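Coordinate analysis (summary)
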Amino acid sequence: MRTAIVTASYHADFERFRLLCETLDTHVTEYTKHYVLVEDRDVPLFRQLQSPRRVIIGEKDLLPSWLKVFPDPLTMGRRRIWLSLKTKPLRGWHVQQFRRIAIADIVEDDAFLYLDSDVAFLRPYDCSQLWRDDALRLLVRPGALTGDSMGEHRRWSANAGTLLGLPETQHSTNDYVGTMIAWKRSSIREMCARIESVTGEHWIAAMGKQRCFSECMMYGRFVDDVEHGAGHFHDQTELCKVFWLAPPPTEDEFRAFVADMAPEQVALGMQSFLGLDPAEIRRILGL
């Protein structure tokens with residue numbers, strides 16, 4: 001089974017992305033290509049890191065022409081906003097999710113392993129481990145949505161159920177949001193077709209009108225609640241150890257965080273919003 005690696009990124013994360021590429025090239029095996037999905041204006045910057053196995057794709061090749069990007073006047077152009085007559089105004093984090101889904105229309109690998117720009121590999125990883133014969137690993141945390149801090153995740157799950165045409169009474173307490181997750185191309189395409197059948201709209205229009213969504217929750221609920229798990233197996237293993245919450249760690253806390261990685265964890269994620277200098281991350285990790 002062919003597995004590609006996919007990263008959706010943007011210019012502010014370029015140095016973090018460079019570190020991802022270096023550690024991925026050192027430690028990761030058994031994948032076909034690394035596809036990098038960026039806004040069109042960022043393509044020249046990211047092409048510095050293009051290689052025979054790393055392909056940079058601009059969003060004009062992924063997203064419909066009716067979704068347009070503009071400088072956001074409310075931020076004096078510091079941020080971007082995507083507008084159309086078919087959706088509510090969208091931010092970059094919305095559109096990165098669209099890119100991650102849309103790659104299934106132009107690449108023919110059997111599955112995609114999604115990596116964020118702020119991930120660095122510290123140990124070897126063989127992408128064939130994502131498979132059991134023709135079944136693909138699906139990261140799931142059973143019952144996690146019952147937690148007090150999971151209100152936003154519950155809303156994402158409910159909105160996914162609506163777009164997938166599931167009964168209002170069919171709730172899920174599973175969480176599917178994570179780093180180093182894998183999706184099947186065939187299931188992505190079936191998920192989009194299902195959204196379009198339910199809503200009568202292009203899947204991006206339907207999700208963009210809703211605006212509050214998680215692509216991870218959408219895929220997980222589609223696989224489990226529509227496909228009834230076909231072609232997948234559940235796995236609760238966190239392959240990437242992620243520092244999720246501000247404030248950023250001190251150097252001693254960072255070193256302790258790395259030292260506490262479980263044996264099955266092969267990568268580290270320091271969320272970009274923490275503001276850690278990529279050069280400092282390199283220094284502390286000895287990279």
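See the structure shown above.
In what follows, the accompanying structure is described.

About the thresholds
Residues numbered from 1 in each chain as written. Predicted model: local features only at pLDDT ≥ 70, side-chain atom pairs only at ≥ 80, totals over all residues. Heavy atoms only, no water. Helix = DSSP H or I, 4+ residues; strand = E, 2+ residues; numbered from the N terminus. Rg over C-alpha atoms; globule rule 2.2 N^0.38 Å. Buried < 20%, exposed > 50% of the residue type's maximum accessible area, 1.4 Å probe, protein only. Areas by Shrake-Rupley, 256 points an atom, 1.4 Å probe, with all protein chains shown as cover. Lys, Arg positive; Asp, Glu negative; His and termini not counted. Charge placed at Lys NZ, Arg CZ, Asp CG, Glu CD. Pairing = 2+ DSSP bridges. Core = buried A, V, L, I, M, F, W, Y, C linked by side-chain atoms within 4.5 Å. Salt bridge = Lys/Arg side-chain N within 4 Å of Asp/Glu carboxyl O. Axes fitted to C-alpha atoms, helices over the stretch in contact; angles between N-to-C directions. Contact = heavy atoms within 4.5 Å. Parallel < 35°, antiparallel > 145°, perpendicular 65-115°, else oblique. Left-handed = near helix turned anticlockwise from the far one by under 90°. Polar contact = N/O pair within 3.5 Å; in protein donor to acceptor, adjacent residues only side chain to side chain. Phe/Tyr/Trp six-rings, centres within 6.5 Å; stacked < 30°, edge-to-face > 60°. Lys NZ or Arg CZ within 6 Å of the ring centre and 35° of its normal.

1. Some remarks on the overall build of the chain
Summing up its helical and strand segments, the chain has nine helices and 15 strands in all. Here the chain has a C-alpha radius of gyration of 19 Å; the compact-globule value for 287 residues is 19 Å, and the two agree. Dimensions of the chain along its principal axes, counting C-alpha atoms only, are 50 × 45 × 40 Å. Burial status across the chain gives 54% buried among its 287 residues. Summed over all atoms, the accessible surface of the chain reaches about 13200 Å², with 51% contributed by carbon and sulfur. Between the averaged position of the 35 positive side-chain charges in the chain and that of its 40 negative side-chain charges there is a distance of 5 Å.

2. Regarding the sheet that holds strand S13 (residues 232-235)
Pairing is mixed in the open sheet, where three strands are placed in the order S10-S11-S13. Each having just a single partner strand, strand S10 (131-132) and S13 make up the two edges of the open sheet. By the bridge criterion, two bridges tie S10 to strand S11 (residues 135-139) in an arrangement that is antiparallel. Opposite Arg-132, over in S11, you have Ala-135 as the bridge partner.

3. What to know about the environment of Lys-184
As for its position among the elements, Lys-184 is in strand S12 (residues 181-184). Of the residues examined, Lys-184 reaches a relative accessible area of 12% and is grouped as buried. When the C-alpha positions of Lys-184 and Asp-110 are compared, they lie 6.0 Å apart, and in sequence the two are 74 residues distant.

4. Description of the environment of Leu-67
With respect to the helices, strands and loops of the structure, Leu-67 is situated in the loop between strand S4 (54-58) and strand S5 (68-71). Exposure remark for Leu-67: the relative accessible area of 8% places this residue in the buried category.

5. Quick notes on the nonpolar core
If you look at the biggest cluster of nonpolar residues, it comprises 51 residues, and the most contacted ones within it are Phe-98 and Ile-103. For this core, the element with the highest residue contribution is helix H7 (residues 215-226), accounting for seven residues.

6. Overview of the pattern of salt bridges
Within the structure shown, the criterion is met by 22 salt bridges. Arg-282 serves as the salt-bridge partner of Glu-22, at 2.8 Å between the closest nitrogen and oxygen. Here Glu-22, found in helix H1 (residues 14-27), pairs with Arg-282, found in helix H9 (residues 278-285); they are 260 residues apart in sequence, far enough to count as distant. A salt bridge links Asp-260 to Lys-241; the shortest N-O distance between them is 3.8 Å. Note that Asp-260 is positioned in the loop between helix H8 (251-259) and strand S15 (267-270) and Lys-241 in strand S14 (residues 240-243), a separation of 19 residues in sequence. Classification of Lys-241 as buried rests on a relative accessible area of 14%. One salt-bridge network, held together by shared partners, links Glu-251, Arg-255, Glu-280 and Arg-283.

7. What about the sheet that holds S15?
Strands sit in the order S8-S15-S14 across an open sheet of three strands; the sheet is mixed. Edge positions in the sheet fall to strand S8 (119-121) and S14, since each has one partner strand and no second. Pairwise comparison of adjacent strand axes, ignoring direction, gives a mean angle of 20° for this sheet. Along the sheet, H8 makes contact with S14 and S15, crossing S15 at roughly 145°.

8. Comments concerning the packing of helix H4 (residues 151-163) against H7
One way to put it is that H4 packs onto H7 with a least axis distance of 9 Å and a crossing angle of 55°. Between H4 and H7, the angle is such that the two are oblique. Relative to H7, H4 is oriented so that their crossing is right-handed. Every residue of H7 that contacts H4 at His-153, Trp-156, Ser-157, Ala-158, Ala-160, Gly-161 and Leu-163 is listed here: Met-217, Met-218 and Arg-221.

9. A short note on helix H3 (residues 92-102)
Of all 11 residues that make up H3, eight are buried, and the element is covered over most of its length. Those residues of H3 that fall on the buried side of the exposure criterion are His-94, Val-95, Gln-97, Phe-98, Arg-99, Arg-100, Ile-101 and Ala-102.

10. Brief notes about the environment of Tyr-114
Among the secondary structure elements, Tyr-114 is positioned in strand S7 (residues 111-114). Taking the relative accessible area as the measure of exposure, Tyr-114 reaches 1% and is therefore buried. Considered as a pair, Tyr-114 and Val-198 are 84 residues apart in the sequence and their alpha carbons are 27 Å apart. Among the polar contacts made by the side chain of Tyr-114, one reaches the main-chain carbonyl oxygen of Arg-100 at a distance of 2.8 Å.

11. Comments concerning the packing of aromatic side chains
In this description, a pair of aromatic rings is defined by centroid distance and the angle of the planes. Under the criterion given, the structure shown has eight aromatic pairs. On the numbers, 4.8 Å between centres and 10° between planes, the contact of Trp-183 with Tyr-219 is stacked. Of this pair, Trp-183 sits in strand S12 while Tyr-219 sits in helix H7; the two residues are 36 residues apart in sequence, bridging distant segments of the chain. With respect to burial, Trp-183 and Tyr-219 carry one shared label: buried. Aromatic pair Phe-243 and Phe-257: ring centres 5.2 Å apart, planes at 70°, arrangement edge-to-face. Separated by 14 residues along the polypeptide, Phe-243 in strand S14 and Phe-257 in helix H8 bring together distant segments of the chain. For the pair formed by Phe-243 and Phe-257, the shared burial category is buried. These aromatic residues form a ring-pair network of at least three members: Phe-112, Tyr-114, Trp-183 and Tyr-219. Note that Arg-53 overlies the ring of Tyr-31, its terminal NZ or CZ placed 3.9 Å from the centroid.

By themselves, these observations are geometric and do not establish any function.
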